[in-house]
Amino acid sequence: MEPMKIITSAFLVLIILSCSAPKKEEASLVDSTQVSQDTTNHIQEIADTPQQEDATSPTSDSEGPPFDGNSNNFPFLSMESLSSDSLEMEVNTSLGNLINGYDTIRYSRITSSYSWERPYLARGQEGEGSMSTESEEETKTWLFDQNYQLKGFFTEFKTGPDFPFTRSILYLFSNDSLKALSELEVDASEVTVTTQMRLVASQCPRCGTSISAGGGPEPQVTYLTQKELGLKQEEFDKSRTELIETLKAKRNGAKIVEDDFVFSVTRKKEGNAEDKTKTITYPTKFIVAKQLYYNYTPIK
């Protein structure tokens, strides 16, 4: 499957910065939020220049010291192997070396986060059961280098407490293309089952592995190809388009908090009569680094 045409990260920033001039009565909050013409021209040059390997990207995923599992920028990462498969070992080594390089870059961040809980009917094996509480939380982070290029994305999603489930995702990019990814899911609702997908573009045509452990006596290993890498790229591109639309729609309601712009989006979780859950609304908080949003004068 051909990946969909992507929107470059520099263009993402251009969209964020290209709002109309503020009304005269909306005074600038701080002089540093105004972008100079030179900077504007530089950003335009980035968008207009054919994409090449950017200088901030690690040039190799097979060099440098082994990754020790500790990361300053990717806190949810686990490098644990689920099997003794040789390809999994190779992919883990390549991913670890990439992370070592990406961990040295200075990033500007966009984050979103939410959490909610509500009562629901916990059914027992006998009788109607009793009321309990279900909860959900998620944090997403987009990382941009000093040239406004998207370099990384990670997220952690959790539900509980009666049916605990976690999903941790890390994507690494170079010139808007997926260079590597790691996805880990742990379903502890009954028997704990762990599923882990890892892909590294340099390993293609055998790009990575998908491994499930805990549901049987031996881990189940599936080899992944360029097709799966392309599908993940396409899936991420759709989510990035949603991010751009959210930033555009909410910029006039953002506020400056220290060195960031902050706004919230109200979302809905539908109820279920069978589970006796009610529809709820909850806020998702966005925090945008000033340097990514700095041509915008928010309303106080």
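Describe the overall build of the protein chain, with residues and values.
Counting its regular elements, the protein chain contains 5 helices and 11 strands. A sequence separation of at least 24 residues applies to 60% of the contacts in the protein chain between residues at least 6 apart. Of the accessible surface of the protein chain, which amounts to about 16300 Å², a share of 48% is contributed by carbon and sulfur atoms.

Residues and numbers for unusual backbone geometry, please.
Along the chain, Gly160 connects to Pro161 via a cis peptide bond; the corresponding omega equals -5°. Tracing the backbone shows Pro161 in strand β3 (residues 150-161). Cys204 connects to Pro205 through a cis peptide bond whose omega is 20°. Phi at Tyr148 is positive, roughly 65°, even though this residue is not glycine.

Give me the confidence of the model for the protein chain: which residues, what numbers.
The share of residues in the protein chain with pLDDT of 70 or more is 74%, and the mean pLDDT across the chain is 79. Note that residues 296-300 has pLDDT below 50 and, in this model, 24 contacts with residues that lie over four places away or in other chains.

Before we move on, could you go through the packing of aromatic side chains and cite the residues and values that matter?
For the structure on display, the rule yields 11 aromatic pairs. Taking 6.5 Å as the distance between ring centres and 40° as the angle between the ring planes, the aromatic pair formed by Trp116 and Tyr282 counts as tilted. Of this pair, Trp116 sits in strand β1 (residues 108-122) while Tyr282 is found in strand β11 (residues 280-289), placing the two residues 166 residues apart along the sequence. A relative accessible area of 8% places Trp116 in the buried class. An aromatic cluster is present here, built from Trp142, Phe153, Tyr171, Phe173 and Phe236 joined pairwise through their rings. Here the basic side chain of Arg206 rests over the ring of Tyr223, its NZ or CZ set 5.2 Å away from the ring centre.

Outline the environment of Val288, listing residues and values.
Within the secondary structure, Val288 sits in strand β11. When the C-alpha atoms of Val288 and Arg109 are compared, they prove to be 6.3 Å apart, with 179 residues separating the residues in sequence. Residues within four places of Val288 in sequence aside, it is in contact with Arg109, Ile110, Leu247, Asp260, Phe261, Phe263 and Tyr293.

I'd like a description of the pattern of salt bridges, backed by residues and values.
Following the criterion strictly, the structure yields 10 salt bridges and no others. Here Arg123 and Asp275 are joined by a salt bridge, their closest N and O atoms 3.0 Å apart. Linking Arg123 in the loop between β1 and β2 (130-144) with Asp275 in the loop between β10 (260-269) and β11, this pair joins segments that are 152 residues apart in sequence. Across the pair Glu235 and Lys232 runs a salt bridge whose closest N-O atoms are separated by 4.0 Å.

Residue-level account of helix α4 (residues 226-250), with values.
The first and last C-alpha atoms of α4 sit 36 Å apart over 25 residues, in line with the 36 Å expected at 1.5 Å per residue. Residues of α4 that are buried: Leu229, Gly230, Lys232, Gln233, Glu234, Phe236, Asp237, Arg240, Leu243, Ile244, Thr246 and Leu247.

Tell me what's going on with helix α3 (residues 86-102), and back it up with residues and numbers.
Along an α-helix, residues three or four apart share an orientation, since each turn contains 3.6 residues. Between its first and last C-alpha atoms α3 spans 25 Å; for 17 residues at 1.5 Å apiece the expected length is 24 Å, and the two agree. In terms of burial, α3 is a largely internal element, 12 of the 17 residues being buried. Turning to α3, its buried residues are Leu87, Glu88, Val91, Asn92, Ser94, Leu95, Gly96, Asn97, Leu98, Ile99, Gly101 and Tyr102. Of the surrounding secondary structure, the elements contacted by the buried residues of α3 are β3, β4 (165-174), β5 (177-187), β6 (193-200), β7 (208-213) and β8 (220-224). The N-capping residue of α3, defined by a side-chain oxygen 2.9 Å from the backbone nitrogen of Leu87, is Asp85.

An account of the nonpolar core is requested, with residue identities and associated values reported.
Ile110, Trp142, Tyr171, Phe263 and Val288 are the most contacted members of the largest nonpolar core, which totals 28 residues. Of the residues forming this core, the biggest block, 4 residues, is contributed by α4. Judged by nonpolar contacts, the second largest core, of 17 residues, contains Phe67, Leu77, Tyr107 and Leu172.

Before we move on, can you summarise the state of the cysteines with the specific residues and values?
Summed over the entire model, instances satisfying the criterion amount to 1 disulfide. Across the disulfide from Cys204 sits Cys207; the S-S distance is 2.0 Å. A torsion of 120° about the S-S bond marks the disulfide between Cys204 and Cys207 as right-handed. Judged by relative accessible area, Cys204 falls into the partly exposed class, the value being 23%.

Definitions and cut-offs
- Residues numbered from 1 in each chain as written.
- Predicted model: local features only at pLDDT ≥ 70, side-chain atom pairs only at ≥ 80, totals over all residues.
- Heavy atoms only, no water.
- Helix = DSSP H or I, 4+ residues; strand = E, 2+ residues; numbered from the N terminus.
- Contact = heavy atoms within 4.5 Å.
- Areas by Shrake-Rupley, 256 points an atom, 1.4 Å probe, with all protein chains shown as cover.
- pLDDT = per-residue confidence, 0-100.
- Phe/Tyr/Trp six-rings, centres within 6.5 Å; stacked < 30°, edge-to-face > 60°.
- Buried < 20%, exposed > 50% of the residue type's maximum accessible area, 1.4 Å probe, protein only.
- Lys NZ or Arg CZ within 6 Å of the ring centre and 35° of its normal.
- Salt bridge = Lys/Arg side-chain N within 4 Å of Asp/Glu carboxyl O.
- Expected span 1.5 Å × (residues − 1).
- Polar contact = N/O pair within 3.5 Å; in protein donor to acceptor, adjacent residues only side chain to side chain.
- Core = buried A, V, L, I, M, F, W, Y, C linked by side-chain atoms within 4.5 Å.
- Disulfide = S-S within 2.5 Å.

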